[in-house]
Structures are given as structure tokens and as C-alpha cells.
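Coordinate analysis (summary)
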Amino acid sequence: MAKVGKIRRFDELGIFTKSGTVVGNQGRTATSSTASTSTTGGNYYVAPTTRTTVSTSSTHLQRLFVQQPDGEEFDAEFADMDVGVREGHSVAVVYAGPQRTGRGYPMALVNLTSGKHQVFPQRVKLILSHFIKLGLIAWFAMLLLLLFTTRDGIGGMGMLLLLGGAGVLGWEIWRWLSLYRQVRLEVDGAARALLNNRKAG
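Just so we're clear, the structure is a prediction, and the values are computed from it rather than from any experiment.

The rules behind these values
Residues numbered from 1 in each chain as written. Predicted model: local features only at pLDDT ≥ 70, side-chain atom pairs only at ≥ 80, totals over all residues. Heavy atoms only, no water. Phe/Tyr/Trp six-rings, centres within 6.5 Å; stacked < 30°, edge-to-face > 60°. Helix = DSSP H or I, 4+ residues; strand = E, 2+ residues; numbered from the N terminus. Buried < 20%, exposed > 50% of the residue type's maximum accessible area, 1.4 Å probe, protein only. Lys NZ or Arg CZ within 6 Å of the ring centre and 35° of its normal. Salt bridge = Lys/Arg side-chain N within 4 Å of Asp/Glu carboxyl O.

Things to note about the packing of aromatic side chains
Summed over all chains, the structure comprises 3 aromatic pairs. Aromatic side chains Phe16 and Tyr95 sit 5.0 Å apart centroid to centroid with 0° between the ring planes, which places their arrangement in the stacked category. One end of the pair, Phe16, is in strand β1 (residues 13-40); the other, Tyr95, is in strand β4 (residues 90-98), and 79 residues separate them in sequence. With a centroid separation of 5.6 Å and 15° between ring planes, the pair formed by Trp176 and Tyr180 is classed as stacked. In this pair, Trp176 and Tyr180 are both assigned in helix α2 (residues 155-200), 4 residues apart and thus about one turn of the helix distant. We note that Trp176, like Tyr180, is buried. The ring of Tyr95 carries Lys18 above its face, with NZ or CZ at 5.5 Å from the centroid. Positioned above the aromatic ring of Phe120 is the side chain of Arg123, whose terminal nitrogen or guanidinium carbon lies 5.9 Å from the ring centre.

Quick look at the pattern of salt bridges
Applying the stated criterion across every chain, the model contains 7 salt bridges. A salt bridge links Arg9 to Glu12, with the nearest nitrogen and oxygen atoms 3.2 Å apart. Assessed through its relative accessible area of 48%, Arg9 is described here as partly exposed. Note that Arg192 is salt-bridged to Asp188, the shortest N-O span being 2.8 Å.

Describing unusual backbone geometry
Residue Asp80 is not a glycine yet carries a positive backbone phi of 50°. Residue position: Asp80 is located in the loop between β3 (73-79) and β4. Classification of Asp80 as partly exposed rests on a relative accessible area of 40%.

Here it is, written out as C-alpha cells:
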């Protein structure tokens with residue numbers, strides 16, 4: 001898939017839809033496992049106890065093949081779908097991404113036949129730009145630098161720098177959460193509008 005890109009402001013958001021008739025679908029399950037090992041106890045006379053914990057999570061992925069009214073086909077894949085879809089159903093897919101690229105990720109599925117829809121909010125994160133991780137790294141680096149390079153600890157100026165950095169980081173987190181909510185609501189609104197148009201028609 002071509003690069004979609006990211007947005008930092010709501011006015012950069014572009015939403016578009018594709019619709020048609022389901023002509024096929026494929027399902028698959030993606031499984032991921034994580035293992036963690038911890039060691040406790042142990043001394044000169046007793047061996048330590050090692051415990052390994054393995055956790056497994058599965059995600060069911062469903063790929064839909066949709067034929068548009070002009071005969072062209074497209075496909076879209078969704079994770080853990082709650083909306084039932086089968087061949088012959090009329091569906092619409094809501095995409096969201098940056099206006100400047102004209103591309104987007106499938107964010108919502110609308111079953112125009114059954115009148116149900118589902119938004120996939122975890123995908124909103126794919127198009128949101130942020131500097132949270134970079135900001136955290138920079139803030140901790142500044143904290144360590146101030147702690148280990150000054151003779152009297154952080155001091156007044158250092159405290160101001162840390163507070164200023166924390167404020168900037170807090171603002172970036174707030175901006176990201178607000179944008180996430182705006183985009184999610186916009187996608188849901190677009191999906192509901194498709195259903196309302198179907199009922200009106």
C-alpha cells in the first residue's frame with residue numbers, strides 16, 4: 001500500500017468512502033506471543049527460582065472483496081469485526097487520512113443491507129502525528145544532564161527548564177488525545193450519514 005501519511009491538525013483530515021457489493025471474503029487469524037522471565041530468591045546455598053510466563057493473543061482478520069458500481073473491485077481488511085457481512089451485501093468503507101495525499105486507512109465498515117456499522121478506533125492512531133516518545137526521551141535526557149552536570153543538583157533554572165519541558169510534553173499529549181477524539185467522531189459521523197442516506201433513499 002502506498003504511504004498514507006499523518007496529520008497534526010484536524011483541518012488536515014480527509015475522509016472518503018468506497019461502496020459496492022461484497023463478492024467474496026477471506027478470514028485469517030493472527031497470533032502473537034510474548035514471554036517474560038523473572039528470577040526470585042537464591043543465595044549462596046539455595047539456587048534461585050526462575051519463572052517464565054507466556055501470554056498469547058489472537059486477532060481475527062477479515063478481508064472483504066467489494067465490487068463497485070462501475071465494475072472496479074477493491075478490498076479492505078478489518079480486525080475483529082462485529083458487523084456480519086456476507087456475499088451479496090451492499091457495504092461502504094469509510095477511509096481517513098491526510099487531505100494532501102488523498103489516501104487513507106479503512107476506519108469504518110457500514111453494512112448498508114443490514115443497517116449496521118462499526119468503527120475501528122485503533123486505526124485512528126495510524127494517521128496521527130506526535131512527538132510524545134521523542135518528548136519523553138528529551139525530557140529524561142535533560143533531567144539526567146542537569147542531575148549529573150551541576151554541582152548543587154537541579155537548581156532554580158534547571159527546575160524551570162524541567163517544568164517547561166513537562167508543560168510542552170503535557171500539551172502534546174492533550175493535543176494528540178483531542179485530535180484522536182475528533183477524528184474518531186468524524187469517522188463515526190460519516191458512517192452514520194451513509195446509513196441515514198440509505199434510510200432516506
